[in-house]
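Structural characterization, general
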Amino acid sequence: MLPGDDRATRHVLLVCRAAGATTLLDQAVLNIAVPSMRHSLGAGAADMQWIVAGCSLAFGLALVPGGGLGDLHGRKRLFLVGMAVFLLAGVAAATGCGPGTVIGARLVQGASSA
């Protein structure tokens, strides 16, 4: 049997693709909102750079350890925890009052998406 021939494998692939699309959509929306965020947060250029690039940086740093943790503790459990933390960090970033809060939440989002 080839991978993807059974129904469960296709569902897992669909869920993984949807999760990947969520992170890409989050980054795309953020890039559109940069000018209004900078004005409303009163953030400087360095703060905005951390907000935009921090998520990708944390994702890159946590990707390999995250895979190891998934092997150790179960991929499904770690996937669900990562999605929940990503959601909570997204809410924290959306409701953050200052640049430091948004930067911290974006770093947590990047690490949890890994």
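See the structure shown above.
To start, this report covers the structure provided alongside it. Residue indices begin from 1 for each chain and proceed along its sequence in written order. Local features are withheld for residues below a pLDDT of 70 in this predicted model, meaning they are given only at 70 or higher, and side-chain atom pairs are given and counted only at 80 or more; totals for whole chains, interfaces and linings count all residues. Note: side-chain values were computed over all heavy atoms of the structure, leaving out hydrogens and water.

Right, let's get into the overall build of the protein. Secondary structure elements follow DSSP: runs of H or I of four or more residues count as helices, runs of E of two or more count as strands, with numbering from the N terminus. Each helix and strand in the protein was counted, giving 4 helices and 0 strands. Listed by position from the N terminus, the elements making up the protein come as α-α-α-α. For the C-alpha atoms alone, the extent of the protein along its principal axes is close to 55 × 25 × 20 Å. The long-range fraction of contacts in the protein, counting pairs at least 24 apart against all pairs at least 6 apart in sequence, stands at 62%. What sets the accessible areas is the Shrake-Rupley method with a 1.4 Å probe; for residues, cover comes only from the shown protein chains. When the accessible surface of the protein is totalled, it reaches about 7500 Å², and 71% of it is carbon and sulfur. Mean positive and mean negative side-chain charge positions of the protein (8 and 5 charges, respectively) differ by 4 Å. Here a residue-residue contact requires only that any non-hydrogen atoms of the pair lie within 4.5 Å. In this tally, Lys and Arg are treated as positive and Asp and Glu as negative; His is ignored, and so are the chain termini. Note on charges: their place is set at NZ of Lys, CZ of Arg, CG of Asp or CD of Glu.

Before going further, it helps to examine the layout of surface pockets. In this analysis a 1.4 Å probe is tested at points of a 1 Å grid over the protein atoms alone, and where it fits but cannot get out there is a cavity; an open set with protein on both sides within 12 Å along at least five of seven lines is a pocket; lining residues have an atom within 4 Å of a point. Grid points are joined across faces, edges and corners, and a volume is the space filled by probe spheres set on the points. There is about 570 Å³ of room inside the largest pocket. Leu78, Phe79, Ser112, Ser113 and Ala114 are the residues nearest the centre of the largest pocket, which is lined by 23 residues in total. Among the secondary structure elements, those contributing two or more residues to the lining of the largest pocket are α1 (7-41), α2 (45-73), α3 (75-95) and α4 (99-113). The residue makeup of the lining of the largest pocket, split by class, is 12 nonpolar, 9 polar and 2 charged. Under this grouping Gly is polar, as are all residues other than the nonpolar Ala, Val, Leu, Ile, Met, Phe, Trp, Tyr, Cys and Pro and the charged Asp, Glu, Lys and Arg.

Before going further, it helps to spend a moment on the nonpolar core. Residues grouped as a nonpolar core are buried Ala, Val, Leu, Ile, Met, Phe, Trp, Tyr and Cys residues, joined through side-chain atoms within 4.5 Å. Burial classes: relative accessible area under 20% of the type maximum marks a residue as buried, over 50% as exposed, and values in between as partly exposed (1.4 Å probe, protein chains only). Of all hydrophobic cores here, the largest spans 8 residues; its members are Leu30, Met37, Leu41, Ala43, Met48, Ile51, Val102 and Ile103. Of all the secondary-structure elements, those providing two or more residues to this core are α1, α2 and α4. Those residues in contact with Ile103, other than ones at most four positions away along the chain, are Asp47, Trp50 and Ile51.

Here, disulfide denotes a covalent bond that connects the sulfur atoms of two cysteines. Two cysteine sulfur atoms form a disulfide, by the criterion used here, when they sit within 2.5 Å. By the definition in use, this model includes 0 disulfides. Looking at Cys55, it has no disulfide partner, and the nearest cysteine sulfur is the one in Cys16, 18 Å off. Look at Cys55 and you get buried, because its relative accessible area is 9%.

Here we take up the side chain of Ser112. Summarising the element assignment, Ser112 is placed in helix α4. In terms of polar contacts, Ser112 uses its side chain to reach the backbone carbonyl oxygen of Gln109, at 3.0 Å. Identification of polar contacts relies on pairs of N or O atoms within 3.5 Å, with a donor-acceptor requirement for protein atoms, meaning one able to donate a hydrogen and the other able to accept it, and with residues adjacent in sequence counted only if both atoms are side-chain atoms.

This part covers the environment of Ala62. By the secondary structure assignment, Ala62 is in helix α2. In this structure, the C-alpha to C-alpha distance between Ala62 and Thr23, residues 39 residues apart in sequence, is 15 Å. Each residue touching Ala62, except ones within four places of it in the same chain, is listed here: Ala111 and Ala114.

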